[in-house]
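Structure assessment
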Amino acid sequence: MEDKARMPFTEATILEVFRMSPVVPMGGPHATSESTTLAGYTIPKGTIILGDLYRVLHDKNNFEDPYKFKPERWLDCDGKVIKSDKMIPFSIGPRVCLGKGLAEMESFIFFSTLLQNFTFKVPEGENPPNGMEGLNAIIFSPHDYNVWAVRR
Ligand code: HEM
C-alpha cells in the first residue's frame, strides 16, 4: 500500500472504474423520519428514498464526457490525483459505506497485483463490456464476457 502514493495513474483508473460502473448505483434505501420539504416538494414521513448515485456520477455538470472512460480526468497538471465531492460511489452522509476504506484498499491491491502478473486481452472477434451495460439490480455487474489472462 505504501506504493499507492507513487502510482497516481493506477489510482485514477480505479476511480474512473468506480465512476463509470458504480457497484451500488442507487445506494441503500433510506426513509424520512419526519415530513420535510425539498426543492418545493413535500416528502411525507416514512417515504422510502433512494439516492441516484449513478446519475450524479454521469451528470455532465459534474464530469465532462461522463460516458467516456477517461482515467486522466482524475489527474491534475502535476499528475496528482484530484479529489471531488461529486465522486460518491460509496454514497455520502452519516450512512456512507462502512467498508469504504477497506474496499478502496482491497481494490488497489487486487487491481495492481493482477496487472503486475498478467496481461489481459479480449479474444479476437469479441467485444469487451462497455462499462455501462450489465445486470442492474441492487448491485451492478457486467454481462458475462471472455478474457485471456496471459502471465507476464
Ligand atoms: C467497491 C466496493 C463497495 C462499494 C462501491 C460500496 C458502496 C456502498 C453504498 C453505496 C452503500 C449505501 C450507503 C447508503 O445507504 O447511503 C454501502 C453501505 C454499506 N457498505 Fe459498502 N460498498 C463497498 C464495499 C463494502 C465493503 C468491503 C464493506 C464491508 C467490509 C461494506 C460495508 C457496508 C455497510 C456495513 C454498509 C451500510 C452502512 C450503513 O447503513 O450505515 N461495503 N456501501
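Counting from 1, residues in each chain are numbered in the order their sequence is written. Restriction of local features to residues with pLDDT of at least 70 applies here, the model being predicted, together with a cutoff of 80 or more for giving and counting side-chain atom pairs; totals for whole chains, interfaces and linings are based on all residues. Where side-chain values are given, they derive from all heavy atoms of the structure, hydrogens and water being excluded.

**Examining the coordination of the iron atom of the ligand**
Applied cut-off: The rule for donors is simple: an N, O or S atom within 2.8 Å of the metal counts, and for Na, K and Ca the reach is 3.2 Å. Water is not among the atoms, so a site may look short of donors. Every helix listed is a DSSP run of H or I at least four residues long, and every strand listed is a run of E at least two residues long, numbered separately from the N terminus.
Among protein atoms, the single one acting as a donor to the iron atom of the ligand is C97 (SG), 2.2 Å away. Tracing the sequence through the fold places C97 in the loop between α2 (53-57) and α3 (100-117).

**Structural notes on the packing of aromatic side chains**
Test applied: A pair of Phe, Tyr and Trp rings is counted when the ring centres sit within 6.5 Å of each other, with Trp represented by its six-membered ring. The angle between the planes then sorts it: under 30 degrees is stacked, over 60 is edge-to-face, the rest tilted. Burial status follows relative accessibility: with a 1.4 Å probe on protein chains alone, a residue under 20% of its type maximum counts as buried, one over 50% as exposed, and anything between as partly exposed.
Overall, the coordinates contain three aromatic pairs when judged by the stated rule. Look at F18 and F90: their rings are 5.5 Å apart centre to centre, the planes differ by 85 degrees, and that puts the pair in the edge-to-face class. A residue pair is termed long-range when its members are at least 10 positions apart, and F18 in helix α1 (residues 8-20) and F90 in the loop between α2 and α3 qualify at 72 residues. No difference in accessibility class separates F18 from F90, as the two residues are buried. For the ring pair F118 and F120, a centre distance of 6.3 Å and an interplane angle of 45 degrees mean the geometry is tilted. Overall, F118 belongs to the partly exposed group, its relative accessible area being 21%. Residue F120 is classed as partly exposed on the basis of its relative accessible area, which comes to 38%.

**What to know about the confidence of the model for the protein**
Our working rule: A residue's pLDDT is simply how confident the predictor is in it, with values from 0 to 100.
Of all residues in the protein, 100% have pLDDT values of 70 or greater, and the mean over the chain is 94. This prediction of the complex comes with two scores: 0.92 for pTM and 0.97 for ipTM.

**What about the site of the ligand?**
Heads up, the condition is: Proximity is defined per residue: if any heavy atom of the residue lies within 4 Å of a molecule or strand, that residue is considered near it. Two N or O atoms form a polar contact when they lie within 3.5 Å of each other; inside protein one atom must be a possible hydrogen donor and the other a possible acceptor, and for residues adjacent in sequence the pair counts only when both atoms belong to side chains. Any residue that is not Ala, Val, Leu, Ile, Met, Phe, Trp, Tyr, Cys, Pro, Asp, Glu, Lys or Arg is counted as polar, Gly included; the first ten are nonpolar and the last four charged.
Among the 16 residues in the neighbourhood of the ligand, the closest are listed as H30, F90, S91, R95 and C97. Here an oxygen atom of the ligand and a side-chain polar atom of S91 are 2.7 Å apart. In the environment of the ligand, an oxygen atom lies 2.7 Å from a nitrogen or oxygen atom belonging to the side chain of R95. Partitioned by chemical class, the residues of the shell around the ligand number ten nonpolar, five polar and one charged.

**Observations concerning unusual backbone geometry**
Positive phi outside glycine occurs at A39, with the angle close to 50 degrees. Relative to the helices and strands, A39 resides in the loop between β2 (36-38) and β3 (41-43). A positive phi angle, close to 70 degrees, is found at S91, a residue other than glycine.

**Here we look at the pattern of salt bridges**
Close approach of charged atoms allows side chains of opposite charge to pair. Note the following rule: Whenever Lys or Arg places a side-chain nitrogen within 4 Å of a carboxyl oxygen from Asp or Glu, that contact is recorded as a salt bridge.
This structure, assessed with the given rule, holds seven salt bridges. Across the salt bridge formed by E16 and R73, the nearest N and O atoms sit 3.0 Å from each other. With E16 in helix α1 and R73 in the loop between α2 and α3, this residue pair connects regions lying 57 residues apart in the sequence. Among the residues examined, E16 registers a relative accessible area of 0% and is labelled buried. Where K100 meets E104, a salt bridge forms, and the shortest distance between an N and an O atom there is 3.3 Å. Placement of both K100 and E104 in helix α3 is noted, with a separation of four residues, approximately one turn of the helix. A residue is classified by how much of its surface remains accessible, and K100, at 33% relative accessible area, is partly exposed. One network of salt bridges, with partners in common, ties together E16, R19 and R73.

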